Amino acid sequence: MSDLDQLTQSLARNLKRWRNERGFTLDALAARAGVSRGMIIQIEQARTNPSVGITVKLADALGVSITTLLDYEQGPHVRLVPPEQAVRMWSTEAGSSTTLLVGAEAHGPFELWSWRLMPGDGSDSDAHPPGTVELLHVVRGELTLVVDGVEHAVATGTAATFEADVPHGYHNKGAEPLEMTLSISVPPAPHASTH
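Predicted, not measured: the structure shown is a model, and the values here were computed from it. Counting restarts for each chain: residues are numbered from 1 in the order of the written sequence. The model is predicted, so local features are restricted to residues of pLDDT at least 70 and side-chain atom pairs to those at 80 or more, both for listing and for counting; the totals for chains, interfaces and linings are taken over all residues. To get the side-chain values, take all heavy atoms of the structure and skip hydrogens and water.

Asker: I tried to follow helix α4 (residues 52-62) on my own but got confused; where do I start?
Answerer: Residues spaced three or four apart along an α-helix face the same direction, because each turn holds 3.6 residues. Residues I54, T55, L58, A59, A61 and L62 constitute the buried set of α4. Relative to the axis of α4, the buried residues are bounded by an arc of 165 degrees and lie together on one face. In α4, the exposed positions angled more than 90 degrees off the buried face are occupied by V52 and D60. At the exit of α4 stands G63, carrying a positive phi of roughly 75 degrees. Accessibility here uses a 1.4 Å probe with only protein chains present; expressed as a share of the type maximum, an area under 20% marks a residue as buried, one over 50% as exposed, and anything in between as partly exposed. Secondary structure elements are defined from DSSP: runs of H or I of at least 4 residues count as helices, runs of E of at least 2 residues count as strands, and each element is numbered from the N terminus. Of all possible arcs, the one meant is that of the directions from the helix axis to the C-beta atoms.

In structure tokens, the structure reads:
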């Protein structure tokens, strides 16, 4: 699923949720927002991706921020994790390590990692559940990213994203230490409620 698809789905779910929470009928919201009833139906059925202007009108009419409308899970809750509280998860004698920087429950686990791989080191992972997405950014060195058996060279400063429901691995085939930031979003377990 592309970012746009996820945004469309999220907006559909949240618009319906907030409209019901506010007790607005389709007609009432349409009148209040100055957006056609047909457009609201299309948005709620995830059949269209509205313009920013329309999204702003709907958010204003519902009395919520655009951020809330696009992802109501993002509330005012802020949690800071100082470096000394980050969790060292894996390390080698050569000096490679991974550190879990911060995690969140998005619509399932959502984590941010700091990785360090020394020359010649690597780490392989089994497939994650379907729908799992990883994003990474190489801060130093060059990463050899292996996804489903295919190698991709990711240079310093380059970011990458991939669907991680296949075997994958991170390797440093270069001569200098590799540092990267990695974020992973796992969908909720099947039994978890999506409401």
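Asker: Looking at this structure, how should I read the packing of aromatic side chains?
Answerer: For any pair of aromatic rings, the description rests on two quantities: the centre-to-centre distance and the angle between the ring planes. The rule is short: rings of Phe, Tyr and Trp, with Trp giving its six-membered ring, pair when the centres are within 6.5 Å, and they are stacked under 30 degrees, edge-to-face over 60, tilted in between. Overall, the coordinates contain two aromatic pairs when judged by the stated rule. Each ring, one from W90 and one from W115, has its centre 6.2 Å from the other, and the planes form 40 degrees; the classification is tilted. Linking W90 in strand β1 (residues 87-91) with W115 in strand β3 (residues 109-117), this pair joins segments that are 25 residues apart in sequence. Relative to Y170, the ring of W115 has its centre 4.7 Å away and its plane inclined at 55 degrees; by these criteria the two rings are tilted. Of the two residues, W115 is situated in strand β3 and Y170 in strand β9 (residues 168-171); the sequence distance between them amounts to 55 residues. Across the pair, exposure class does not vary: W115 and Y170 are buried alike. One aromatic cluster in this structure is built from W90, W115 and Y170. Cation over ring: R17 sits above W18, and NZ or CZ is 4.7 Å from the ring centre. Each ring is checked for a lysine NZ or an arginine CZ that lies within 6 Å of its centre and within 35 degrees of its normal; such an atom marks a charge sitting over the ring.

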